[in-house]
Amino acid sequence: MTSRAGFVALIGEPNAGKSTLMNRMVGAKVSIVTHKVQTTRARIRGVVAERDSQLVFVDTPGLFNPRRRLDRAMVAAAWGGASDADVVVLLIEAHRGMTAGVEKILGSLGGMRERQPVALAINKIDKVKPEKLLVLAKKLNESFDFCETFMISAEQGQGVNDLRRWLGDTVPEGPWCYPEDQIADVPMRVIAAEIMREKLTLRLHQELPYNLTVETVNWEDRKDGSARLDQVIYVGRDGHKGIVLGKKGETIKAISRTAREELETLLGRKVHLFCRVKARPGWQDEAERYSEMGLDFKDGNT
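Residues numbered from 1 in each chain as written. Predicted model: local features only at pLDDT ≥ 70, side-chain atom pairs only at ≥ 80, totals over all residues. Heavy atoms only, no water.

Draft legend 1. Layout of the pattern of salt bridges. Scanning all chains against the criterion turns up 16 salt bridges. In this structure, E50 engages R51 in a salt bridge whose closest nitrogen and oxygen atoms are separated by 3.0 Å. A salt bridge links R165 to D162; the nearest nitrogen and oxygen atoms lie 2.5 Å apart. Of this pair, R165 and D162 both sit in helix 6 (residues 160–170), three residues apart, which is roughly one turn of the helix. (Salt bridge = Lys/Arg side-chain N within 4 Å of Asp/Glu carboxyl O. Helix = DSSP H or I, 4+ residues; strand = E, 2+ residues; numbered from the N terminus.)

Draft legend 2. Looking closely at unusual backbone geometry. Phi at R51 takes a positive value of approximately 55 degrees, unusual for a residue other than glycine. Locating R51 in the fold gives a position in the loop between strand 2 (44–50) and strand 3 (53–59). Positive phi is not limited to glycine here, since K248 has a value of about 55 degrees. Note on K248: relative accessible area 74%, which makes it exposed. (Buried < 20%, exposed > 50% of the residue type's maximum accessible area, 1.4 Å probe, protein only.)

Draft legend 3. Highlighting the sheet that holds strand 9 (residues 271–279). Across the sheet, three strands lie side by side as 7-8-9; this open sheet has mixed pairing. Pairing within the sheet leaves two strands with one partner each, and these edge strands are strand 7 (212–221) and strand 9. Within this sheet the neighbouring strands show an average axis-to-axis angle of 20 degrees, counted without direction. Pairing between strand 8 (residues 227–235) and strand 9: nine bridges, direction parallel. Across the sheet, residue A227 finds its bridge partner in strand 9, namely V271. Across the sheet, helix 7 (residues 188–203) is in contact with strand 7, strand 8 and strand 9; its angle to strand 7 comes to roughly 135 degrees. (Pairing = 2+ DSSP bridges. Axes fitted to C-alpha atoms, helices over the stretch in contact; angles between N-to-C directions. Contact = heavy atoms within 4.5 Å.)

Draft legend 4. Main features of helix 5 (residues 130–143). A rise of 1.5 Å per residue sets the reference length of helix 5, with its 14 residues, at 20 Å; its end C-alpha atoms lie 20 Å apart and thus fit the reference within 8%. Against the buried residues of helix 5 lie strand 4 (87–93), helix 3 (100–109), strand 5 (118–123) and strand 6 (148–151). (Expected span 1.5 Å × (residues − 1).)

Draft legend 5. Summary view of the pairing of strand 6. Judged from the four bridges that link them, strand 5 and strand 6 form a sheet pairing that is parallel. If you follow A121 over to strand 6, its bridge partner there is F150. For the crossover that starts at strand 5, traverses helix 5 and ends in the parallel strand 6, the hand is right-handed. (Right-handed = clockwise from strand over helix to strand, strands pointing away.)

Draft legend 6. The arrangement of the side chain of T201 in detail. Structurally, T201 can be placed in helix 7. Polar side-chain contacts of T201 include one of 2.8 Å to the backbone oxygen of R197. (Polar contact = N/O pair within 3.5 Å; in protein donor to acceptor, adjacent residues only side chain to side chain.)

Draft legend 7. The arrangement of the packing of aromatic side chains in detail. Per the stated rule, a full pass over the model turns up two aromatic pairs. Centroid distance F150 to W166: 5.6 Å. Interplanar angle 55 degrees. Geometry classified as tilted. One end of the pair, F150, is in strand 6; the other, W166, is in helix 6, with 16 residues separating them in the sequence. Geometry around F274 places R228 over its ring, the cationic atom sitting 4.1 Å from the centre. (Phe/Tyr/Trp six-rings, centres within 6.5 Å; stacked < 30°, edge-to-face > 60°. Lys NZ or Arg CZ within 6 Å of the ring centre and 35° of its normal.)

Draft legend 8. Quick peek at the environment of E155. With respect to the helices and strands, the residue E155 is situated in the loop between strand 6 and helix 6. For the pair E155 and D126, spaced 29 residues apart in the sequence, the C-alpha separation amounts to 9.7 Å. Once residues within four sequence positions are removed from consideration, E155 is found in contact with T20 and R24.

Draft legend 9. Structural detail: the side chain of K124. With respect to the helices, strands and loops of the structure, K124 is situated in the loop between strand 5 and helix 5. The exposure class of K124 is buried, given its relative accessible area of 19%. A polar contact is formed between the side chain of K124 and the side chain of E93, at a distance of 2.6 Å. Contact partners of K124, with chain neighbours within four places excluded, come to N15, A16, E93, A94, H95, I152 and S153.

Draft legend 10. Inspection of the packing of helix 1 (residues 18–26) against helix 6 at higher detail. Axis separation between helix 1 and helix 6 bottoms out at 11 Å; the angle between their running directions is 75 degrees. The pairing of helix 1 with helix 6 is recorded here as roughly perpendicular in orientation. On helix 6, the residues that touch L21, R24 and M25 of helix 1 are V160, L163, R164 and L167. For the contact of helix 1 with helix 6, the residue count by class is five nonpolar, no polar and two charged. (Parallel < 35°, antiparallel > 145°, perpendicular 65-115°, else oblique. Nonpolar A, V, L, I, M, F, W, Y, C, P; charged D, E, K, R; others polar.)

Draft legend 11. Up close: the nonpolar core. By size, the foremost hydrophobic cluster in this structure holds 49 residues, and its most contacted members are L21, F57, L167 and L200. Among the elements that take part in this core, helix 7 stands out by supplying seven residues, more than any other. Setting aside residues no more than four positions away along its own chain, L200 makes contact with L212, V214, I233, V244, I252 and I255. A9, I11, L90 and L120 belong to the second largest nonpolar core, which has 23 residues in total. (Core = buried A, V, L, I, M, F, W, Y, C linked by side-chain atoms within 4.5 Å.)

Next up, the structure:
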């Protein structure tokens, strides 16, 4: 049989379920998931085999109205991921329906349908009655010429296999892009940093998660099979350091423990995780920080 391979961009508003869907497709956690918006910053690629097809999912940052340089770079990365893809899947939250943000995305999709297939995936269908889903699907398809519509629950797995099979048949013919046992195309040190940022985002409140970033500055594979990871958590102000550390360092200890446990499960070996918290005012204006996240610093100017 002829092999197929292609890039599939998952786009949508923040919290539409893009990371959850990609992790479900891959069968492993390669993109972080939280209940807070704008969690995904970088374009993380998950690799999936579907019969004779290789699907490379691009989990893009959510599309929203950007205010800061980092926001603008994230939105540019999302649209860049969509325009470069072989297939685009727009995720809509069933219970939120046709929001102003969705209308704006539909308007921006413009002539994309002429360049590549654009499918609609209505997610979180377990939160809405079937008759409402049909009305929403009709309304969305009247607003844009989607080539296919899927009703899914990324969290529960409903409808995901149908979507994956369709994608496998839709991506172009060609050789596979990655080895068949590879599940992501970013270095493990980046995934490790993202896992730590997920735990920080879940534990910390208000604006603080949006004003920090994490880098894995050292990765050492030890002779006993374990790994030592050194990470730096950059915060925007000195005052934020104390919040991240907590009383007697209890907060960062608890966060580090959950991150380490998840890394050990992911890697299948012992992990020694060491974290430092540094105040770095203006890190959001440093090109080096953007490079670590896989974002283009120049896109923040637009």
